[in-house]
Amino acid sequence: MTRSNRIAPESLASKIMSADDAASLIHNGAVVGMSGFTGSGYPKEVPLALAAQIEQQHAQGKPFRVKIWSGASTGPELDGALAKADGIDFRLPYNSDPIAREKINAGEMNYFDMHLSQVAPLAWQGFLGHLDTAVIEISGFTPEGDLIPSSSVGNNKTWLDQADKIILEVNRWQSEALDGMHDIYYGTDLPPNRVPIPLVKPDDRIGQAHFKVDPSKIVAIVETDTPDRNAPFAEPDDTAEAIAGHLLEFLKHEVKVGRLPASMLPLQSGVGNVTNAVLSGLLDSPFENMTAFTEVIQDGMLDLLDDGKLRMASATAFSLSPDAAHKFNADAQRYRDKLILRPQEISNHPELIRRLGCVAMNGLIEADIFGNVNSTHVMGSRIQNGIGGSGDFARNAYLSIFMTPSTAKNGKISAIVPMASHVDHISQDVQVIVTEQGLADLRGLAPKQKAALIIDNCSHPDYRDALHDYFARAQHSSFGQHAPNILSEALSWHQRYVETGSMK
């Protein structure tokens, strides 16, 4: 095959091959570390070829499944194709693919949902097992043979260091101006050899622009020209705009009383239409010279950078709509000094989040009246996506905020319930809950005080009376009165939904 100008070292020319030939180097039972984070920077061609080969083996009655590690979610060419081929035996640390989700919830795929900041340390401890192959998308090589990262960093540094074999996809769709936008830090270690991470503000650069790699481990290079999974964001509806309005008014109040500076503290935002609506709302806010220390760069952050409201943003990946991705690729050079992409063990590092004082804004599936949050499991047992980085940020943020519409499924589900059917974020890590109905500032409140505020301010009117009734009766009949519950009824709303299709 011919070489493109994205592959600089002549010594690597013999490694260029087709996706089919590269995929044939992955064997049944292999542990494969894939690049990718929120649908950006994941390999596109090799996983598709691997899925086709798995289907061929299955058609012949031969077993073929692999274990997949990544940064976070990927795209249909990876998780979707391999799940459809029944080729994934085990998956970590996050999944948003609908086909894989069904396999997980049917008990046909093992899934380890975990805090994103903990993946690389666990891998280095050997707890997760031995990494056979790394399949990593890059945007090119330096003349010296280092790897230029693409649109996400995730756990790529760890996969490249640990894998026996490395397969690289060089994606021409990725902008060449990405070169220099990354900050790859090689100073992390396990105890007792850990040292402080020398990052004191979001725009500090503490590493290098490229991945170092042992060239002898590179067994295949595949050239591609395929876009990331760039899903469009919905235009903010009345509900999203109401949530954003309540939150922005709260943040302005926090500045007025001196708990936040006028430039805010570094922003973190989970992925989704509601959080993107909040970012868009900041365009009309009085806050200036803001920064972000977050996981992903969304459309709203690019708009804030364009407007000058946001001075810079540090993340590990992009999560852009198709239009925003096209805009970024066409004008990436202009963003080079405003964006930094880091390994997720840095972007999500609890000590850095705590020290920088991030304002964390994340979504939820449900919250109970005492402020415990479920962000992963529908009706307590069906995984939706995973905890992602929300746990890293919620527990360690200066201000931990969770946002949601007050109902789901056309009003058949209440997001505020007597008891959460699964808890990812305990009440001690949840400071503010916002719905379109209003905002509950839970800081400094005892459980019963929280319950009254959450019911009054955040629950939907269709469910508010029932919540008040439950809480009142719980205060008369609960085993204890610190956080009163009626155990025989606490999850009855969920049971009613499972049986009838509605919590009402």
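Look up: the structure comes first, before these words.
Since this is a predicted model, take the numbers as computed values, not measurements.

Asker: Let's hear about helix α7 (residues 238–256): which residues, and what values?
Answerer: Under the 1.5 Å per step criterion, the end-to-end length of α7 is 27 Å for 19 residues, consistent within 8% with the ideal 27 Å. The set of residues buried in α7 consists of Ala240, Ile243, Ala244, Leu247, Leu248, Phe250, Leu251 and Glu254. Taken down its axis, α7 places every buried residue within 160 degrees of arc, on the same side. Exposed side of α7, more than 90 degrees from the buried face: Asp238 and Lys256 are the residues found there.

Asker: Please provide a residue-by-residue account of the nonpolar core, values included.
Answerer: By size, the foremost hydrophobic cluster in this structure holds 76 residues, and its most contacted members are Phe141, Leu247, Leu251, Phe328, Leu339, Val359 and Ile401. The element that contributes the greatest number of residues to this core is α7, accounting for 7 residues. Ignoring sequence-local partners within four residues, the contact set of Leu251 consists of Leu260, Met264, Phe287, Val359, Leu399 and Ile401. Grouped together as the second largest cluster of nonpolar side chains are 38 residues, Ala22, Ala30, Tyr94 and Ile167 included.

Asker: Tell me about the packing of aromatic side chains, and name the residues and values.
Answerer: For the structure shown, the criterion picks out 5 aromatic pairs. Summarising the aromatic geometry, the rings of Trp69 and Trp159 are spaced 5.4 Å apart at their centres and angled 50 degrees between planes, so their arrangement reads as tilted. Linking Trp69 in strand β2 (residues 66–69) with Trp159 in helix α6 (residues 156–162), this pair joins segments that are 90 residues apart in sequence. Under the relative-accessibility criterion, Trp69 is labelled buried at 1%. In this structure Trp159 comes out as buried when scored by relative accessible area, which is 0%. Ring centres of Tyr463 and Trp493 lie 5.7 Å apart, and the angle between their planes is 35 degrees; on these two criteria the pair is classed as tilted. Residue Tyr463 is found in helix α16 (residues 461–477), and its partner Trp493 is found in helix α17 (residues 492–500); the two are separated by 30 residues along the sequence. Take Tyr463 and Trp493: they sit in the same class, and that class is buried. An aromatic cluster of at least three residues, connected via ring pairs, comprises Phe318, Phe328 and Tyr335. Over the ring of Tyr42 we find Lys44; its NZ or CZ atom is 4.3 Å from the centre of that ring. Lying over the aromatic face of Tyr186, Lys212 brings its terminal NZ or CZ to 4.3 Å of the ring centre.

Asker: Explain unusual backbone geometry to me, using residue names and the numbers behind them.
Answerer: Glycine aside, negative phi is the norm for most residues, and most peptide bonds take the trans geometry. At the junction of Leu92 and Pro93, the peptide bond is cis and its omega measures out at -5 degrees in the coordinates. With respect to the helices and strands, the residue Pro93 is situated in the loop between β3 (88–92) and α4 (98–105). If you check the backbone angles, Met379 has positive phi at about 55 degrees while not being a glycine. In this fold, Met379 is placed in the loop between β18 (377–378) and β19 (382–383). Met379 sits in the buried class, given a relative accessible area of 18%. The phi dihedral of Lys409 is positive, around 50 degrees, even though this residue is not glycine.

Asker: Could you give an account of the sheet that holds strand β16 (residues 366–368), with specific residues and numbers?
Answerer: Within a sheet, adjacent strands bond to each other through the backbone by hydrogen bonds, running parallel or antiparallel. If you trace the 3 strands from one edge of the open sheet to the other, you get β17-β16-β23, paired in mixed fashion. Of all strands in the sheet, those bounded by a partner on one side alone are β17 (373–374) and β23 (416–417). Strand direction decides the pairing type here: β16 and β23, joined by 2 bridges, are parallel. In the sheet register, Asp368 faces β23, and the bridge partner there is Val417.

Asker: Talk me through the environment of Pro447; I want residue IDs and the actual numbers.
Answerer: Note on placement: Pro447 falls in helix α15 (residues 447–458). For the pair Pro447 and Ile369, spaced 78 residues apart in sequence, the C-alpha separation works out to 8.4 Å. Setting aside anything within four residues of it in sequence, one finds Pro447 in contact with Phe370, His482 and Ala483.

Asker: Quick rundown of the pairing of strand β15 (residues 359–363)? Include the residues and the values.
Answerer: Counting buried positions over the 5 residues of β15 gives 4, a clear majority of the element. Bridge analysis of strand β9 (residues 267–269) against β15 gives 3 bridges, and the strand direction is parallel. When the sheet's bridge partners are listed, Gln268 is paired in β15 with Ala360. Looking at chain direction, β15 and strand β20 (residues 399–403) are connected through 5 bridges and run parallel. Opposite Gly363, over in β20, you have Met403 as the bridge partner.

Conventions we followed
- Residues numbered from 1 in each chain as written.
- Predicted model: local features only at pLDDT ≥ 70, side-chain atom pairs only at ≥ 80, totals over all residues.
- Heavy atoms only, no water.
- Helix = DSSP H or I, 4+ residues; strand = E, 2+ residues; numbered from the N terminus.
- Expected span 1.5 Å × (residues − 1).
- Buried < 20%, exposed > 50% of the residue type's maximum accessible area, 1.4 Å probe, protein only.
- Arc of directions from axis to C-beta.
- Core = buried A, V, L, I, M, F, W, Y, C linked by side-chain atoms within 4.5 Å.
- Contact = heavy atoms within 4.5 Å.
- Phe/Tyr/Trp six-rings, centres within 6.5 Å; stacked < 30°, edge-to-face > 60°.
- Lys NZ or Arg CZ within 6 Å of the ring centre and 35° of its normal.
- Pairing = 2+ DSSP bridges.

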